[in-house]
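One letter stands for each residue in the lines below.
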Protein chains: 2
Amino acid sequence: MTAQVLKTHRMFGGVVQFWEHESLETKTKMKFSTFIPDGVVRGCVIWLSGLTCTEENFTTKAGAQKYFSKHQLMVICPDTSPRGLDLPHEHEGWDFGSGASFYLDATTPGYKDHYRMESYITKEIVGMLQSQFKVPPNRISIMGHSMGGHGAIVLSLRHPELFQSVSAFSPVSHPTKCPWGEKAFTGYLGNDRENWKNFDATELVSNGKKHLHKILIDQGLQDEFLEKQLLVSDLDSACHAHHQGIETNYHKGYDHSYYFIATFIESHINFHAKALHAL
Amino acid sequence: MTAQVLKTHRMFGGVVQFWEHESLETKTKMKFSTFIPDGVVRGCVIWLSGLTCTEENFTTKAGAQKYFSKHQLMVICPDTSPRGLDLPHEHEGWDFGSGASFYLDATTPGYKDHYRMESYITKEIVGMLQSQFKVPPNRISIMGHSMGGHGAIVLSLRHPELFQSVSAFSPVSHPTKCPWGEKAFTGYLGNDRENWKNFDATELVSNGKKHLHKILIDQGLQDEFLEKQLLVSDLDSACHAHHQGIETNYHKGYDHSYYFIATFIESHINFHAKALHAL
């Protein structure tokens, strides 16, 4: 369905806009934000946010629009889950349900009818980018932070034909082995742990899934979630073992916040611009 | 009193920090945030925020730290009023009392004991910059947004010896003639309108107050407050009539938000760096 604009703000020679539409996949209203530079748009990067975020965080805090404008790229930031529902346990914690979709299509009762975020991103958002926003075919890349870094990498490995390049800040890299992932996958996918592996970046790479482009990751070494939740080195090792290109940059002193993202966002946008403009 | 750090985040080769201290001027706890680049700090810019803001808004939304880091400058962002009090009408509206100090020393009952924001900025913050943060003497400039743009310009005209340069985004420029200013000045200063002129940028310039450096202003033409509240052209005219240097840049399509500030913050930091590094 065509999205309606709620708010527009001029910024860096383009416009930040907040949108709402009736989603066919989630069967709810969904919100997202965009930055669209003036003139010809040569491609789009999809940004997937982390736990507790909405469509707003990246747009207000990442300091990214200057670089999207420079490269004539738009960015679209979907919300992190459907809203306005009242499913079992949906609003009990910040790491499951509302604000915590993990970007997969759920199969459990209740959730399977609405938490269809993989289809929402790969079909509905990708479709809208071409139909409503006139992004040229194949000129789409994807990136994200934390749970959204997991989403970006997993979606790019499961749908490599859709995304020219993929990058992540502080991604949840081996969710079948961390508390956030175990809780979310149990709630959205049930108890079949073998099936969970289809939604885990480290397991996908270990099982031969590939993206043609190397994966770019930036990770702070002061990140309080690195050791127990993110497990970035597991993905790094799997990529090296299975010849998936990866560049992982560790940064001393940096944490899990948007202060970290803002510091290194320019290099990620340059990375995607190079891939998108090379077509 | 020495400020205590509450939170530290690494960013752009420096640190964002949130602080708290017991203020001698406001007789309350006060919070502020800083960005301090690694290495030698060559000066400091004080940022004054607008109505409803706290010490956090500029730090998370302006995208300024990259440029402060580049110029080896720190920035300090005080809160917009004392907190934790319960004065008459203090919490009734967003344009008076809490979050809306207008950066002056109040003279009305109740407020005069705590709303001493001019003294807080010009004595306590300036003093702390030199004693605790080791900013070299005279290496301080000031800027702000909206109510904070008013604060920056008025404080620089009333204390030209303290600030090497001054700039503002979308400043409240003639508060004695606009609803926000009339409400605030009545509440903080009482009914003597002649006295109000001592806290109004346009009136101060018209009465011969000067800053040696030209004032830099950026203003969006899509700003919903421009015509009724900000009255930037009144200050512009007074400066031209009274030979106060001013550069006012108007921008088509831009509004009153941080999206506007972020777009032009680099030019303001360059402006202050030039003044501070020229000493």
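Description of the structure in this document. Computed from a predicted structure; not experimentally measured.

**Some words on the overall build of chain A**
When its secondary structure is counted, chain A shows 11 helices and nine strands. For 279 residues, the compact-globule estimate of 2.2 N^0.38 gives 19 Å, and the C-alpha radius of gyration of chain A, at 17 Å, lies within 12% of that figure. When its C-alpha atoms are laid out on the principal axes, chain A stretches across 50 × 40 × 35 Å. Taken over 279 residues, chain A has a buried fraction of 63%. The contacts in chain A between residues at least 6 apart in sequence include a share of 71% that link residues at least 24 apart. Side-chain charges of chain A comprise 26 positive and 30 negative groups, with the mean position of each set lying 6 Å from the other.

**Description of the sheet that holds strand β5 (residues 73–78) of chain B**
Backbone hydrogen bonds are what pair the strands of a sheet, in a parallel or an antiparallel way. Residues and elements named next belong to chain B. Spatially, β1-β2-β3-β5-β4-β6-β7-β8-β9 is the arrangement adopted by the nine strands of the open sheet, whose pairing is mixed. Taken across any chain shown, the strands that pair with only one partner, and hence form the sheet edges, are β1 (4–11) and β9 (246–251). Neighbour-to-neighbour, the strand axes of the sheet open up by a mean angle of 15°, direction not taken into account. Of the pairings in the sheet, the one linking strand β3 (residues 29–37) to β5 comprises four bridges and is antiparallel in character. Bridge assignment links Phe35 to a residue of β5, and that residue is Val75. Where helix α4 (residues 117–131) meets the sheet, its contacts fall on β2 (14–22), β3, β4 (43–48), β5 and β6 (140–145), and the angle it forms with β4 comes to roughly 155°. Across the sheet, helix α5 (residues 147–158) is in contact with β4, β6, β7 (166–169) and β8 (215–220); its angle to β6 comes to roughly 150°.

**Here's the deal with the relation of the copies chain A and chain B**
The operation relating chain A to chain B is a screw motion whose rotation component is 180°, with 0.0 Å of axial translation and a residual RMSD of 0.0 Å. The relationship between the two copies is best expressed as a two-fold rotation axis. Interface overlap between copies: 100% of the residues of chain A at the interface are likewise at the interface in chain B, consistent with a symmetric, same-surface contact.

**Concerning a positive patch on the surface**
On the surface, Lys7(A), Lys31(A), Lys61(A), Lys7(B), Lys31(B) and Lys61(B) cluster together into a positively charged patch. By the element assignment, Lys31(A) lies in strand β3 (residues 29–37).

**Description of the packing of aromatic side chains**
If you walk through the whole model with that rule in mind, you get 36 aromatic pairs over all chains. Ring centres of Phe32(B) and Phe133(B) lie 6.2 Å apart, and the angle between their planes is 75°; this geometry places the pair in the edge-to-face category. Placement of Phe32(B) in strand β3 and of Phe133(B) in the loop between α4 and β6 is noted, with a sequence separation of 101 residues between them. For the pair Phe32(B) and Phe133(B), a shared accessibility class is recorded, and that class is buried. The structure contains a cluster of three or more aromatic residues connected by ring pairs, namely Trp47(A), Phe58(A), Phe169(A), Tyr254(A), Phe260(A) and Phe264(A). The ring of Phe18(A) has Lys7(A) lying over it, and the distance from NZ or CZ to the ring centre is 4.7 Å.

**Looking at the sheet that holds β3(A)**
All names here are of chain A. Pairing is mixed across the open sheet formed by nine strands, whose spatial order is β1-β2-β3-β5-β4-β6-β7-β8-β9. Strand pairing shows two members of the sheet lacking a second neighbour, β1 (4–11) and β9 (246–251), which therefore form its edges. Direction aside, the axes of adjacent strands within the sheet are offset by 15° on average. This element, helix α5 (residues 147–158), spans β4 (43–48), β6 (140–145), β7 (166–169) and β8 (215–220) of the sheet and lies at about 150° to β6.

**Topic: the interface of chain A and chain B**
Listed as interface residues are 23 residues of chain A and, on the opposing side, 23 residues of chain B. Across the chain A-chain B interface, the total number found is two salt bridges. One salt bridge connects Lys66(A) with Glu266(B), and the closest N-O pair in it is separated by 3.1 Å. Scanning the region where chain A abuts chain B turns up 12 residue pairs in polar contact (both at pLDDT 80 or more). A total of five residues in the side of chain A that touches chain B trace back to one element, the largest contributor, which is helix α11 (residues 258–277) of chain A. Within the side of chain A that touches chain B, the residues separate by chemical class into nine nonpolar, eight polar and six charged.

**Examining the side chain of Asp79(B)**
Residue and element names in this part refer to chain B. Tracing the chain through its elements places Asp79 in the loop between β5 and α3 (111–114). Owing to a relative accessible area of 4%, Asp79 belongs among the buried residues under this scheme. Side chain to side chain, Asp79 and Arg83 meet in a polar contact 2.8 Å long. In this view, Asp79 contacts Met30, Lys31, Cys53, Thr54, Glu55, Tyr103 and Met117; residues no more than four positions away in its chain are not counted.

**Brief notes about the pairing of β3(A)**
Moving residue by residue along a regular strand, the side chains alternate between the two faces of the sheet. All names here are of chain A. Counting buried residues along β3, seven of its nine residues qualify, which places the element largely inside the surrounding structure. Where strand β2 (residues 14–22) lies against β3, nine bridges are found, and the strand directions are antiparallel. Bridged to Glu22 within β3 is Lys29. Following β2, the chain reverses through six residues before pairing antiparallel with β3; Lys27 in that reversal takes a positive phi of roughly 55°.

**Let's talk about the layout of surface pockets**
There is about 800 Å³ of room inside the largest pocket. Residue assignment for the lining of the largest pocket shows that the elements contributing at least two residues are β1, α1 (57–61), α2 (65–70) and α11 of chain A together with α1 (57–61), α2 (65–70) and α11 (258–277) of chain B. By residue class, the composition of the lining of the largest pocket is 20 nonpolar, 16 polar and eight charged. Taken as a whole, the second largest pocket spans an internal volume of roughly 560 Å³. If you trace the second largest pocket, you find 23 residues lining it, with Thr52(A), His145(A), His256(A), Ser257(A) and Tyr258(A) closest to the centre. Broken down by secondary-structure element, the contributors of at least two residues to the lining of the second largest pocket are α1 and α11 of chain A together with β1 and α1 of chain B. At three residues, β1(B) tops the list of elements feeding residues into the lining of the second largest pocket. Per-class residue counts for the lining of the second largest pocket are eight nonpolar, 10 polar and five charged.

Reading guide: rules and limits
- Residues numbered from 1 in each chain as written.
- Chains lettered and ligands numbered in written order.
- Predicted model: local features only at pLDDT ≥ 70, side-chain atom pairs only at ≥ 80, totals over all residues.
- Heavy atoms only, no water.
- Helix = DSSP H or I, 4+ residues; strand = E, 2+ residues; numbered from the N terminus.
- Rg over C-alpha atoms; globule rule 2.2 N^0.38 Å.
- Buried < 20%, exposed > 50% of the residue type's maximum accessible area, 1.4 Å probe, protein only.
- Contact = heavy atoms within 4.5 Å.
- Lys, Arg positive; Asp, Glu negative; His and termini not counted.
- Charge placed at Lys NZ, Arg CZ, Asp CG, Glu CD.
- Pairing = 2+ DSSP bridges.
- Axes fitted to C-alpha atoms, helices over the stretch in contact; angles between N-to-C directions.
- Least-squares fit on C-alpha atoms with pLDDT ≥ 70 in both.
- Patch = residues over 30% accessible without salt bridge, like charges linked within 9 Å, V, L, I, M, F, W, Y side chains within 5 Å.
- Areas by Shrake-Rupley, 256 points an atom, 1.4 Å probe, with all protein chains shown as cover.
- Salt bridge = Lys/Arg side-chain N within 4 Å of Asp/Glu carboxyl O.
- Phe/Tyr/Trp six-rings, centres within 6.5 Å; stacked < 30°, edge-to-face > 60°.
- Lys NZ or Arg CZ within 6 Å of the ring centre and 35° of its normal.
- Polar contact = N/O pair within 3.5 Å; in protein donor to acceptor, adjacent residues only side chain to side chain.
- Nonpolar A, V, L, I, M, F, W, Y, C, P; charged D, E, K, R; others polar.
- 1 Å grid on protein atoms, 1.4 Å probe; cavity = no way out; pocket = protein on both sides within 12 Å on 5 of 7 lines; lining within 4 Å.
- Points joined across faces, edges and corners; volume = space filled by probe spheres on them.

Limitation: the analysis is restricted to geometry and does not speak to function.
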